[in-house]
Amino acid sequence: MELYLKENRVFFFEGEEVVANSGHSYEISDRLGAGGNGVVYECIDQNGLLYAIKFLLHFTEKSKKRFRQEISLMKRLHHPHIIKYIDDGFIQLKQLKKNGRSSQEQQALFVIMEKADLNLKDFLSQASKIPYDIYAPQFRGLCEALTEIHQFAIHRDIKPENILVKGETWVLSDFGLCEFVNADEHCDITGENEKIGPVFWISPEAVNKYYFGTNNIGAYSDVYQLGMIFAFVLMKRFPGGILSENDFIGTDEFIGSVILKTLANDYTKRPENGKELLELINDATINR
Ligand SMILES: Nc1ncnc2c1ncn2[C@@H]1O[C@H](COP(=O)(O)OP(=O)(O)OP(=O)(O)O)[C@@H](O)[C@H]1O
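Cut-offs applied
Residues numbered from 1 in each chain as written. Predicted model: local features only at pLDDT ≥ 70, side-chain atom pairs only at ≥ 80, totals over all residues. Heavy atoms only, no water. Helix = DSSP H or I, 4+ residues; strand = E, 2+ residues; numbered from the N terminus. Rg over C-alpha atoms; globule rule 2.2 N^0.38 Å. Buried < 20%, exposed > 50% of the residue type's maximum accessible area, 1.4 Å probe, protein only. Phe/Tyr/Trp six-rings, centres within 6.5 Å; stacked < 30°, edge-to-face > 60°. Lys NZ or Arg CZ within 6 Å of the ring centre and 35° of its normal. Domains from an automatic or database assignment. Contact = heavy atoms within 4.5 Å. Buried area = accessible area lost by both parts, 1.4 Å probe. Salt bridge = Lys/Arg side-chain N within 4 Å of Asp/Glu carboxyl O. Patch = residues over 30% accessible without salt bridge, like charges linked within 9 Å, V, L, I, M, F, W, Y side chains within 5 Å. Areas by Shrake-Rupley, 256 points an atom, 1.4 Å probe, with all protein chains shown as cover. Pairing = 2+ DSSP bridges.

The name given to the chain in an unreviewed UniProt entry is Serine/threonine protein kinase, and the organism recorded there is Schaedlerella arabinosiphila.

In structure tokens form, the structure reads like this:
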């Protein structure tokens, strides 16, 4: 079986199946997508149920630590708007080199999760304007998901590619950059000058972590990133630069004013975490 991360990074292993730590085996089929760290395929279990399997195709100890951290967080999150963990394990594989030879065997970790249909970036590029009745309950669900995550960790990598669409439900996924709230659980693997977060969706304090005098990425940074996503859904364009109320004319002005709060440059002026954002979104949608 061949797995490819990018055209020039091809890996292979014997057979079409993997056996997870649970002892269950999964047959690998179509490629669903790839990110900076891993590649995601569809897989099918012994009972014919379809899932998604993500292989980590980086082999440093640091990458493996992050991936194990991702799995450990997935295992304890239970919410309809968070991708559901199913199983995990590892396989031995080789990399196909440019000269046609193969590398030594390497251990690739994998995680099996519920399968979504596509990511929000692709969903939005295919859809015309998203109606309020579709996005408002999904915004509430994503804020609930963030509230659940913030009990344990900061996500730090919220972007349209990491929000998956499963039927009618938008779910948060990809916890590879998360930082646990409990410092004992977090293996500090972030480099001193490493920028943490998705390039276009990153919060001001993550762009320049000394801007506010200290290294201050927090739950409010996730609030900023989710606010950017909400703006993207409403405006159907990348919400870069400074936004004002005028940008939300013709969309929902109540949600627009919540989004403006989430995008304050000064994080002390934003909703503090998922819970506070959920309250504001509830006020803007249910209690208005
Ligand atoms: N459970 C899933 N069901 C369907 N498709 C998925 C699933 N998980 C991931 N994908 C697809 O694969 C893509 C890459 O997945 P993911 O973001 O988890 O990889 P990554 O390497 O951790 O990315 P990043 O660069 O953000 O670290 C997603 O954008 C999505 O299109």
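A. Molecular detail of the overall build of the chain. The helix and strand inventory of the chain stands at seven helices and 13 strands. Its C-alpha atoms give the chain a radius of gyration of 20 Å, near enough to 19 Å, the size a compact globule of 288 residues would have. Taking the principal axes of the C-alpha coordinates as reference, the chain spans close to 60 × 45 × 35 Å. The buried share of the chain, reckoned over its 288 residues, is 51%.

B. Up close: the packing of aromatic side chains. For the structure on display, the rule yields 13 aromatic pairs. The interplanar angle of 40 degrees and the centroid separation of 6.4 Å between the aromatic rings of F13 and F55 together place this pair among those described as tilted. Taken together, the positions of F13 in the loop between β2 (9–12) and β3 (17–19) and F55 in strand β6 (residues 50–56) put the pair 42 residues apart, joining distant regions of the chain. Plain terms: the ring middles of Y26 and Y51 are 6.3 Å apart, the flat faces sit at 75 degrees to each other, and that makes the pair edge-to-face. Note that Y26 is positioned in strand β4 (residues 25–34) and Y51 in strand β6, a separation of 25 residues in sequence. Each member of the pair, Y26 as well as Y51, carries the same accessibility label: buried. Members of the aromatic cluster, each reached through a chain of ring pairs, are F123, Y132, Y135, F139, W170 and F230. The ring of Y4 has R31 lying over it, and the distance from NZ or CZ to the ring centre is 4.1 Å.

C. Spatial organisation of the domain arrangement of the chain. Examined at the domain level, the chain breaks down into domain 1 (2–113) and domain 2 (118–285). Computed over C-alpha atoms, the centres of domain 1 and domain 2 are 27 Å apart. Between domain 1 and domain 2, the contact holds 17 residues from the first and 28 residues from the second. Between domain 1 and domain 2 the total buried area reaches about 2000 Å² when both faces are included, carbon and sulfur atoms providing 62% of it. Of all residues in domain 1, the largest losses of buried area upon contact with domain 2 belong to R66, Q69 and H81, amounting jointly to 36% of the total for that side. Inspection of the domain 1/domain 2 interface yields one salt bridge.

D. Broad picture of the pattern of salt bridges. Counted by the stated rule, this structure contains eleven salt bridges. A salt bridge links E70 to K54, with the nearest nitrogen and oxygen atoms 3.0 Å apart. Of this pair, E70 sits in helix α1 (residues 61–76) while K54 sits in strand β6; the two residues are 16 residues apart in sequence, bridging distant segments of the chain. A single burial state applies to E70 and to K54, both of which are buried.

E. Expanded view of a nonpolar patch on the surface. Together, V199, F200 and F238 make up an exposed nonpolar region whose accessible area comes to about 340 Å². Within the fold, V199 resides in the loop between β13 (179–180) and α4 (204–207). Overall, the relative accessible area of 69% leaves V199 in the exposed class.

F. Structural detail: the side chain of E70. A relative accessible area of 4% places E70 in the buried class. Every residue in contact with E70, bar those within four places of it in the chain, is listed here: K54, D174, F175 and G176.

G. View of the sheet that holds strand β9 (residues 118–119). Across the sheet, three strands lie side by side as β9-β11-β12; this open sheet has antiparallel pairing. Of all the strands in the sheet, the pair left with one neighbour each is β9 and β12 (169–172). Both β9 and strand β11 (residues 163–166) contribute to a ladder of two bridges, which runs antiparallel. The residue of β11 that forms the bridge with L118 is V165.

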